[in-house]
Amino acid sequence: MSKPKPFDISKKIVWEAYKRVKGSKGAAGVDGETIEDFEKNLKKNLYKIWNRMSSGTYFPPAIRGVEIPKDHGKGVRMLGVPTVADRVAQTVVKMYLEPLVEPKFHTDSYGYRPGKSQHQALTVARQRCWKYNWVLDLDISKFFDNLDHELVMDAVKKHTDSKWMLLYIERWLKAPMQMKDGALVARDRGSPQGSVVSPLISNIFMHDVFDDWMRTEFASLPFERYADDGLVHCVSEKQAKYVRDAIAKRLALYKLELHPEKTRIVYCKDANRKGSYEQEQFDFLGYTFRPRLSMNSKEEYFVNFSPAVSDNAAKKIRKTIRSWHLHMRSDKSLSDLAHMYNGEVRGWINYYGRFYKSALYPSLRQLNDYLVRWAMRKYKMLKRHPTRAWKWLAQIAHREPTLFAHWKFGLLPLAG
């Protein structure tokens, strides 16, 4: 008779965890093993994970460090990519821990939670900006890099006394990062972005440090938090300054600090709010909130404080479109091009087209420009005849208005 394992972990949960990892895809870790490689010996690999986790002998390998450029070209941020097996192990812990903490989380915490989304956070923020004159736009300096491991573990222990979950969470926090040149970097703080369990751990930490504290200290002030991005709605500039200073003191107790330049107090200017202030716009989740010309149900124009795709997001879209060199793909048919790029274009439309969608039009119209250039390069009869090429593309769009995702969005090419 086999000796019982010290930790009771369900084999079924390990199987379900693997299916989630497979569904989310993802790159290989330090071992170079892809999901396809992992599946070549699936039963043995899953048994190995279960056996080691159940016996307390699972030690996560190093995570692969990947540099991701920051906005405006200001340096890079480091993404940590675990191995496929480690992602399965992390998902096992997440599947056990998440149901314990979810019922306790604040309703206005939206990041990486089941049933919550960025669009929900944006919708609520928009409504509250209409109600409250001022908003405190919070930015925590290097949040994921600066998380104190001991303080994180203290927060997790408030929600579970499971020895095996605490054991592995601590090991994941301390797992080294392997850089591009193969060097291993020890980590004494931080939780790597890119790991499965990191968003849950950070939400547990911020629930205790910020959400629950706000519920007690500033019960009358609503807020939205998505991971380390947050907004607090205030009735006056004086109140916003007081709340900002109180939050800064609170974060300092947990070895975190507000970014002095990116944390701002913003006036939600609209047609009914008088006066002018230095800050009258802010970015949140890829959208810029600012005064915009809108139309009411009576078709009357008025100034409204609303979100639309941010300048940074729009620039990224245009940069991506340029990087496709679509006009050079004369080896492809029009249908081929639609198949190649519609997925990403559809993603932009679904995310950035939710609010004030006309702000997205200029970036996506570039696609029609590139399609015309493609047509002029591919067909001799259109070469050096842009007007004829625009007319040709417009006729196709009229016949097949759903061929390209942005055409379906309403951005049909017009005859030149």
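See the structure shown above.
Along every chain, residues carry numbers that run from 1 in the direction the sequence is written. Only residues with pLDDT of 70 or above have their local features reported here, since the model is predicted, and side-chain atom pairs are shown and tallied only from 80 upward, although totals for entire chains, interfaces and linings are computed over all residues. Only hydrogens and water are set aside; all other atoms, that is, all heavy atoms of the structure, feed into the side-chain values.

Caption draft 1: Seen up close, the environment of V14. We count a stretch as a helix when DSSP gives it H or I for four or more residues in a row; a strand needs E for two or more, and each element gets its number in order from the N terminus. In this fold, V14 is placed in helix α1 (residues 11-24). Overall, V14 belongs to the buried group, its relative accessible area being 2%. Contacts were defined at the residue level, with two residues in contact if any of their heavy atoms lie within 4.5 Å. The residues touching V14, leaving out its near neighbours within four places in the chain, are I9, L46, W50, V88 and V92. Note on exposure labels: buried denotes an accessible area under 20% of the residue type's maximum, exposed denotes more than 50%, and partly exposed covers the range between, all computed with a 1.4 Å probe on protein chains only.

Caption draft 2: Focus on the packing of aromatic side chains. Any two rings among Phe, Tyr and Trp, with Trp reduced to its six-membered ring, count as a pair given centres within 6.5 Å; such a pair is stacked if its planes are under 30 degrees apart, edge-to-face if over 60, and tilted if neither. Within this structure, the stated rule accounts for 30 aromatic pairs. Look at F143 and F144: their rings are 5.0 Å apart centre to centre, the planes differ by 80 degrees, and that puts the pair in the edge-to-face class. The exposure classification of F143 matches that of F144, with both residues buried. Both rings, one in F282 and one in F289, keep their centres 4.7 Å apart while their planes meet at 10 degrees; by these two values the pair is stacked. F282 sits in the buried class, given a relative accessible area of 0%. Among the aromatic residues, those joined into a cluster by ring pairs are Y58, Y96, W164, Y168 and W172. Working rule: Lys NZ or Arg CZ, within 6 Å of ring centre, within 35 degrees of ring normal, means a charge sits over the ring. It is K11 that lies over the ring of W50; its NZ or CZ is 4.5 Å from the centre. Over the ring of F59 we find R171; its NZ or CZ atom is 3.7 Å from the centre of that ring.

Caption draft 3: How the structure looks around the nonpolar core. Within the largest apolar cluster, 65 residues are counted, with the highest numbers of intra-cluster contacts made by M53, W164, V232 and I247. Examining the composition of this core, we find that 9 residues originate from one element, helix α9 (residues 198-217), more than from any other. Those residues in contact with M53, other than ones at most four positions away along the chain, are F7, I9, Y58, A89, V92, V93, W164 and Y168. The criterion is simple. A nonpolar core is a set of buried Ala, Val, Leu, Ile, Met, Phe, Trp, Tyr and Cys residues joined through side-chain atoms within 4.5 Å. Listed in part, the 57 residues of the second largest apolar core include A121, F282, F305 and L403.

Caption draft 4: Geometry of the side chain of N304. By the element assignment, N304 lies in strand β11 (residues 301-309). Distance and chemistry together define a polar contact, namely a pair of N or O atoms within 3.5 Å, with one atom able to donate a hydrogen and the other to accept it when in protein, and with adjacent residues in sequence counting only for side-chain atoms on both sides. Within the structure, N304 has its side chain in polar contact with the side chain of W130 (distance 3.1 Å). Residues within four places of N304 in sequence aside, it is in contact with W130, D270, R290, P291, R292 and S294.

Caption draft 5: Up close: the pairing of strand β7 (residues 229-234). Among the 6 residues in β7, 5 count as buried, and that is most of the element. We treat two strands as partners when DSSP finds at least two bridges between them. Note: strand β3 (residues 134-139) against β7, 6 bridges, orientation antiparallel. When the bridges of β7 are listed, V135 appears paired with H233. Alignment of strand β6 (residues 223-226) against β7, held across 4 bridges, turns out to be antiparallel. Bridge pairing links R225 to G230 in β7. Counting the residues in the hairpin turn of β6 and β7 gives 2 residues, including A227, whose phi is positive at 60 degrees.

Caption draft 6: Looking closely at α9. By definition here, a helix of n residues has an expected span of 1.5 Å times n minus one. Over its 20 residues, α9 extends 27 Å from the first C-alpha to the last, a length consistent with the 28 Å expected when each residue adds 1.5 Å. The angle between axes fitted to the seven-residue stretch ending at a residue and the seven-residue stretch beginning at it gives the bend at that residue. Helix geometry: α9 is bent most strongly at H207, by close to 50 degrees. In terms of burial, α9 is a largely internal element, 16 of the 20 residues being buried.

Caption draft 7: Local environment of the sheet that holds β6. With antiparallel pairing, the 4 strands of this open sheet are ordered in space as β6-β7-β3-β8. At either end of the open sheet lies a strand with only one pairing partner, and these are β6 and β8 (264-267). Each adjacent strand pair in this sheet contributes to an overall mean axis angle of 20 degrees, direction not counted. Packing against the sheet, helix α5 (residues 118-131) makes contact with β6 and β7, and its axis sits at approximately 155 degrees to β6. Only the stretch in contact is used when fitting a helix axis, every axis being a line fitted to C-alpha atoms; angles between N-to-C directions are given from 0 to 180 degrees. On the sheet, α9 packs against β3, β6 and β7 and is oriented at approximately 170 degrees with respect to β6.

Caption draft 8: Structural detail: the pattern of salt bridges. Take a side-chain nitrogen of Lys or Arg and a carboxyl oxygen of Asp or Glu: if they are within 4 Å of each other, that pair is a salt bridge. With the rule as written, the count across this model stands at 14 salt bridges. Between R128 and D108 there is a salt bridge whose closest N-O contact spans 3.1 Å. Of this pair, R128 sits in helix α5 while D108 sits in the loop between α4 (84-101) and α5, and the two are 20 residues apart along the sequence. Classification of D108 by relative accessible area gives buried; the value is 6%.

Caption draft 9: The arrangement of the sheet that holds strand β9 (residues 282-284) in detail. With antiparallel pairing, the 3 strands of this open sheet are ordered in space as β9-β10-β11. Only two strands of the sheet have a single neighbouring strand rather than two, namely β9 and β11. Taking the axes of each pair of neighbouring strands and ignoring which way they run, one obtains an average angle of 50 degrees across the sheet. Both β9 and strand β10 (residues 287-295) contribute to a ladder of 3 bridges, which runs antiparallel. Pairing of D283 across the sheet is with T288, part of β10.

Caption draft 10: Summary view of a nonpolar patch on the surface. Each patch is built from residues that are more than 30% exposed by relative accessible area and take part in no salt bridge. Like charges join if they lie within 9 Å; nonpolar side chains (Val, Leu, Ile, Met, Phe, Trp, Tyr) join within 5 Å. All accessible areas in this document rest on Shrake-Rupley with a 1.4 Å probe, and a residue is counted as covered only by the protein chains that are shown. Taken together, the side chains of L293, M295, Y301, V303 and Y356 present a nonpolar region at the surface, about 490 Å² in accessible area. The set of elements that each furnish at least two residues to the nonpolar patch consists of β10 and β11. What makes M295 partly exposed here is its relative accessible area of 43%.

Caption draft 11: Region of the structure containing empty space enclosed by the protein. For cavity detection a 1 Å grid was placed over the protein atoms alone, and a set of points counts as a cavity when a 1.4 Å probe fits there but cannot get out; an open set counts as a pocket when protein lies on both sides within 12 Å along at least five of seven lines, with lining residues being those that have an atom within 4 Å of a point. Grid points are joined across faces, edges and corners, and a volume is the space filled by probe spheres set on the points. Inspection of the entire model under this criterion finds 3 cavities of 30 Å³ or more. By volume, the largest cavity is sized at about 70 Å³. Forming the walls of the largest cavity are 13 residues, and the residues nearest its centre are Q90, W172, P192, S195 and V197. Listing elements by their share of the lining of the largest cavity, those giving two or more residues are α4, α8 (163-174) and α9. Among the elements that take part in the lining of the largest cavity, α8 stands out by supplying 3 residues, more than any other. The nonpolar class holds Ala, Val, Leu, Ile, Met, Phe, Trp, Tyr, Cys and Pro. Asp, Glu, Lys and Arg form the charged class, and all remaining residues, Gly among them, are polar. Counted by class, the lining of the largest cavity contains 8 nonpolar, 4 polar and 1 charged residues. As a volume, the second largest cavity reaches approximately 60 Å³. In this structure, the second largest cavity is lined by L138, I140, M206, F210, R225, D228, D229, G230, I247, L251 and L258. Elements represented by at least two residues in the lining of the second largest cavity include exactly α9, β7 and α10 (237-252).

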